[in-house]
Amino acid sequence: AGLSPVLAIHVYTQREVYGTVGSHVTLSCSFWSSEWISEDISITWHFQAEGSRDSISIFHYAKGQPYIDDVGTFKERMEWVGNPHRKDGSIVIHNLDYTDNGTFTCDVKNPP
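These figures come from a predicted structure and were not determined experimentally.

A. Representation of the nonpolar core in the model. Of all hydrophobic cores here, the largest spans 20 residues; its most connected members are Ile43, Trp45, Ile58, Phe59, Ile91 and Val108. Looking at this core, the elements with two or more residues in it are strand S2 (25-27), strand S3 (29-33), strand S4 (42-49), strand S5 (56-62), strand S7 (78-80), strand S8 (91-93) and strand S9 (102-109). In this view, Ile58 contacts Trp45, His46, Phe47, Ile68, Asp69, Phe74, Met78, Ile91 and Phe104; residues no more than four positions away in its chain are not counted.

B. Examining the state of the cysteines more closely. Scanning the model with the defined rule gives 1 disulfide in all. Each disulfide pairs two cysteine sulfurs, and for Cys29 the partner residue is Cys106, the sulfurs being separated by 2.0 Å. Around the S-S axis, the bridge from Cys29 to Cys106 shows a dihedral of about -65° and counts as left-handed. Here Cys29, found in strand S3, pairs with Cys106, found in strand S9; they are 77 residues apart in sequence, far enough to count as distant. The burial state of Cys29 is the same as that of Cys106; both residues are buried.

C. Structural context of the sheet that holds S8. Strand order in this open sheet of 3 strands is S2-S8-S7, and the pairing throughout is antiparallel. Across the chains shown, the open sheet's two edge strands, defined by having one partner strand only, are S2 and S7. Each adjacent strand pair in this sheet contributes to an overall mean axis angle of 25°, direction not counted. Two elements, S7 and S8, share 3 bridges in a ladder whose sense is antiparallel. Paired with Glu79 across the strands is Val92, a residue of S8.

D. Main features of the side chain of Arg77. Its location among the elements puts Arg77 in the loop between strand S6 (65-68) and S7. Only 2.8 Å separates the side chain of Arg77 from the backbone oxygen of Asn95, close enough to count as a polar contact. If near-sequence neighbours (up to four positions away) are discounted, Arg77 is found in contact with Val92, Ile93, His94, Asn95, Leu96, Asp97 and Asp100.

E. Expanded view of the side chain of Asn110. Structurally, Asn110 can be placed in the segment after S9. Using a relative accessible area of 15% as the deciding quantity, one classes Asn110 as buried. Side-chain polar atoms of Asn110 contact the backbone oxygen of Trp36, separated by 3.1 Å. In terms of polar contacts, Asn110 uses its side chain to reach the backbone amide nitrogen of Ser38, at 2.9 Å. The residues contacting Asn110, other than those within four sequence positions of it, are Ile9, Ser33, Glu35, Trp36, Ile37, Ser38 and Ile41.

Definitions and cut-offs
Residues numbered from 1 in each chain as written. Predicted model: local features only at pLDDT ≥ 70, side-chain atom pairs only at ≥ 80, totals over all residues. Heavy atoms only, no water. Core = buried A, V, L, I, M, F, W, Y, C linked by side-chain atoms within 4.5 Å. Buried < 20%, exposed > 50% of the residue type's maximum accessible area, 1.4 Å probe, protein only. Helix = DSSP H or I, 4+ residues; strand = E, 2+ residues; numbered from the N terminus. Contact = heavy atoms within 4.5 Å. Disulfide = S-S within 2.5 Å. Pairing = 2+ DSSP bridges. Axes fitted to C-alpha atoms, helices over the stretch in contact; angles between N-to-C directions. Polar contact = N/O pair within 3.5 Å; in protein donor to acceptor, adjacent residues only side chain to side chain.

This is how it looks when you write it as structure tokens:
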């Protein structure tokens, strides 16, 4: 019963992104994996509003399809611009509002 080595996936995002109310902003998320990109790759974006303890899922990519979560204020304003085969999980948020201030997190899983 040998231990299997842990294979790394590295995710890169911009530390800070600025936008003006009414404009749009690209939240870029690129990644590097020591393994080939599997068909089961998944990408999830979370948002934690400034001053809030709770994080909500706002976007999910799985089984080759993008899914914009039906909660929160982003559902009508989000656009998937990523391409997992190019190691890109980026999204665009349109029509920015003051309430969009907060922390966005990009989570990439490349099973197995």
